[in-house]
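# An overview of the molecular structure
One-letter residues, chain by chain:
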Amino acid sequence: MGKLAIAVHGGAGPDAEFIKKHQEEYKKGIKEALTIGYRILEEGGTALDAVEAAVNALEDNPLFNAGRGSALNERAEVEMDAAVMTGKDMNCGAVSIVKNVKNPVTLARAIMEKTAHIYLGDMGALSFANKIGLEVMPEAYFITDHAFEQYQEALKDASNSIQEAGKYQVGRKEHGTVGAVALDKDGNIAAATSTGGLENKVPGRIGDSSMIGVGCYANNKTCAVSSTGDGEVLIRHVMGFHLSSLIEYKAQPLKEAARWLVHEKLKEEKGDMGIIAIDPNGNIALEFNTPRMHRGFKTGEEEFVAIYPDGQP
């Protein structure tokens, strides 16, 4: 059996009292996702199986802004995005602004495997989920007390106009994307990303998480990537593919490429950025320019979980 490895993240961005107060719960959630994904790899499952399961665990955890616990838009509705990609054949699937689907990343995988398309959104995506029998939940399932409190705070601070809401969502910088990357026994890598989006966002806003090459990317020649942070910044710089290109075209090692991209190439960019990545040799990169990024990795030799920069491997 080849080397096995998995890394996950639970979002990068500014610190908050809620995060400080619930540090241990957040770390436990990250560790559980790693354990679930790594167990699948140990049992011979694929990298795709592992990242889907790890992200499912984070989607089901109300602390994270994906699936249950998703942020609310300015109408107090949940709209979720997700994507998956496999490095072996570069197949991919994505879903955007979908409601009611318990695990959007599983829907993204189904779009990849059961349709001729890559990307479905809104009611079309929900209709497809119902057609293939994916689990759907009432809207109340997704709305946690914390998400509703954030929504109420947002209403106090922002106008309900589309223009003001747009300015507000960019300025507030609340991020809670989740993601995973993994390497399986056959040397294949995969990535998955899922999010509830920005708090108080304009309905219909599509972020980076579901965009192939931005929030999610995988290529066996280079790396698998899941990104998090300011979606508009990550989209402009095609974050996932950008990292892959540094490896393919400049022959940079994974960790060096990730560090250079976040801290050198884009150092003048005024935006929050975080990436986790893995290459076919099992090297792992966890880079961010923010006060915190919920993150962790697990290999046969080592396990690491952290929120703040202290202890960065």
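Described in the following lines is the structure provided in the data block. (Residues numbered from 1 in each chain as written. Predicted model: local features only at pLDDT ≥ 70, side-chain atom pairs only at ≥ 80, totals over all residues. Heavy atoms only, no water.)

As a further point, take the sheet that holds strand E2 (residues 80-86). Note: strands within a sheet are paired through backbone hydrogen bonds, in either parallel or antiparallel orientation. In space, the 8 strands of this open sheet follow the order E4-E3-E2-E6-E5-E1-E11-E12, with mixed pairing throughout. Edge strands, defined here as strands with exactly one partner in the open sheet, are strand E4 (119-121) and strand E12 (303-306). Strand-to-strand twist of the sheet, defined as the mean angle between neighbouring strand axes without regard to direction, takes the value 10 degrees. Here strand E3 (residues 92-98) runs beside E4; their pairing, made up of 3 bridges, is parallel. (Pairing = 2+ DSSP bridges. Helix = DSSP H or I, 4+ residues; strand = E, 2+ residues; numbered from the N terminus. Axes fitted to C-alpha atoms, helices over the stretch in contact; angles between N-to-C directions.)

The next point concerns helix H3 (residues 47-60). Two residues of an α-helix separated by three or four positions point the same way, owing to the 3.6 residues in each turn. The end-to-end C-alpha distance of H3, which contains 14 residues, comes to 20 Å, matching closely the 20 Å that a straight helix rising 1.5 Å per residue would cover. The buried count for H3 comes to 12 of 14 residues, which makes it a mostly enclosed element. Where H3 is buried, its residues meet strand E1 (5-13), helix H2 (23-42), E2, helix H4 (104-114), strand E5 (178-183) and strand E6 (189-195). (Expected span 1.5 Å × (residues − 1). Buried < 20%, exposed > 50% of the residue type's maximum accessible area, 1.4 Å probe, protein only. Contact = heavy atoms within 4.5 Å.)

As a further point, take the sheet that holds strand E9 (residues 273-278). Taken in spatial order, the 4 strands of this open sheet run E7-E8-E9-E10, and their pairing is antiparallel. What marks the edges here is a single partner per strand, and that holds for strand E7 (216-218) and strand E10 (284-288). The mean inter-strand angle of the sheet, taken between neighbouring strand axes irrespective of direction, is 10 degrees. Pairing analysis gives 6 bridges linking strand E8 (residues 224-229) to E9, with the strands arranged antiparallel. Pairing of Gly229 across the sheet is with Met273, part of E9. The strands that helix H10 (residues 239-250) touches are E7, E8 and E9; relative to E9, the one it contacts most, it runs at about 50 degrees. Contacting E9 and E10, helix H11 (residues 254-265) crosses the sheet at an angle of about 10 degrees to E10.

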